[in-house]
Amino acid sequence: MLDYIKRFLIAIIMALCVSLLFIGAKHSEAAALSEKPTLGKTWIWPAEGVISDTYGTRQGRHKGIDIAGKWDSPILAVEDGVVVKSYYSDTYGNVIFIKHPSQFVTVYAHLNKRFVKQGQFVKQGEMIGKMGKTGQATGTHLHFETHLQEWRYDKKFAMDPESLLGKASVGEAVQMGIAGGARDALAVNSPYDHMKGSEDQYVVKQGDTLYSIARKRNISVETIKRLNHLTSDMIKPNQILNVR
Ligand SMILES: [Zn+2]
């Protein structure tokens, strides 16, 4: 009898070891995936609001676009990337710099809150901060810049963010999370087809509802809303939703 129990225990211990091996392997695989940046996704608009100024105004000194929106509304990363700076500056206020695998650097300024630290990896659509008017800002808005390769003090490599996000004129409303229109501009630098078949994200098609997407991806409507900071059930075609 004792021998039987002994054998039984050994079998259980062995089974545990084997399953631990599997769990361990799965975990490291997941970690490797989340650390590996995906190349060149189509960008999404980083904030909800109305375009209040465009690139190149103020005698060419305005090197970004302004999105005026609600105080404390979410600010999202336009693409996967690594936070290269997150600090308070007298001019930018609370500001975050993100370097993307497509080699662009994006800048999110005048934030009320910052949720990410230098060196942190962020996913597209992740909430990195909240809109504010810190630094040299007259009203609540996001000042958003795009640079090729690196941000420099003289902003030599600045480019019009609308070439990646799609054209929007002053007074036009933009929705956070919506995919940028200028796919060609991105395609020159990197492929953007990663969106297709992505398990983490879902591109809203005509006729989709939160309920239908939730069923397709086997998650709850509440989870989709929480992952995407949605305050209503409204979704639009081409909107990119995080579904994991
Ligand atoms: Zn600005």
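As a reminder, the structure under discussion sits directly above these lines.
Just so we're clear, the structure is a prediction, and the values are computed from it rather than from any experiment.

With that out of the way, let us pick up the coordination of the zinc ion. For the zinc ion, the full set of protein donor atoms is His62 (NE2), Asp66 (OD), Asp66 (OD) and His143 (ND1), at a range of 1.9 to 2.8 Å. Coordination at the zinc ion is irregular: its 4 donor atoms span angles of 52 to 155° at the metal. The sequence pattern formed by the donor residues of the zinc ion is H-x3-D-x76-H. Note that Asp66 is positioned in strand E2 (residues 65-68) and His143 in strand E10 (residues 141-148), a separation of 77 residues in sequence. A residue is classified by how much of its surface remains accessible, and Asp66, at 4% relative accessible area, is buried.

Counting 27 residues, the largest nonpolar core has Trp45, Tyr108, Ile128 and Leu142 as the members making the most contacts within it. Residue assignment for this core shows that the elements contributing at least two residues are E2, strand E5 (93-99), strand E6 (104-111), E10 and helix H2 (162-165). By size, the runner-up hydrophobic cluster in this structure holds 10 residues, among which are Tyr202, Val204, Leu210 and Ala214.

Another aspect to go through is the pattern of salt bridges. What the rule picks out here adds up to 9 salt bridges. With its nearest N and O atoms 3.3 Å apart, the salt bridge here joins Asp208 to Lys216. With a relative accessible area of 14%, Asp208 lands in the buried category. With a closest N to O distance of 2.8 Å, Lys225 and Asp233 form a salt bridge. The class for Asp233 is exposed, based on a relative accessible area of 52%. Members of the salt-bridge network, linked through shared partners, are Asp53, Arg58 and Asp66.

This paragraph deals with the environment of Leu227. In this structure, Leu227 sits in helix H5 (residues 221-227). Spatially, the C-alpha atoms of Leu227 and Leu241 are 8.0 Å apart, while their sequence positions differ by 14 residues. Here Leu227 is in contact with Asn242, Val243 and Arg244, once residues within four sequence places are set aside.

Procedures and definitions
- Residues numbered from 1 in each chain as written.
- Predicted model: local features only at pLDDT ≥ 70, side-chain atom pairs only at ≥ 80, totals over all residues.
- Heavy atoms only, no water.
- Donors = N, O, S within 2.8 Å, 3.2 Å for Na, K, Ca; no water.
- Tetrahedral: all angles 85-135°; square planar, octahedral: opposite > 155°, others 65-115°.
- Helix = DSSP H or I, 4+ residues; strand = E, 2+ residues; numbered from the N terminus.
- Buried < 20%, exposed > 50% of the residue type's maximum accessible area, 1.4 Å probe, protein only.
- Core = buried A, V, L, I, M, F, W, Y, C linked by side-chain atoms within 4.5 Å.
- Salt bridge = Lys/Arg side-chain N within 4 Å of Asp/Glu carboxyl O.
- Contact = heavy atoms within 4.5 Å.

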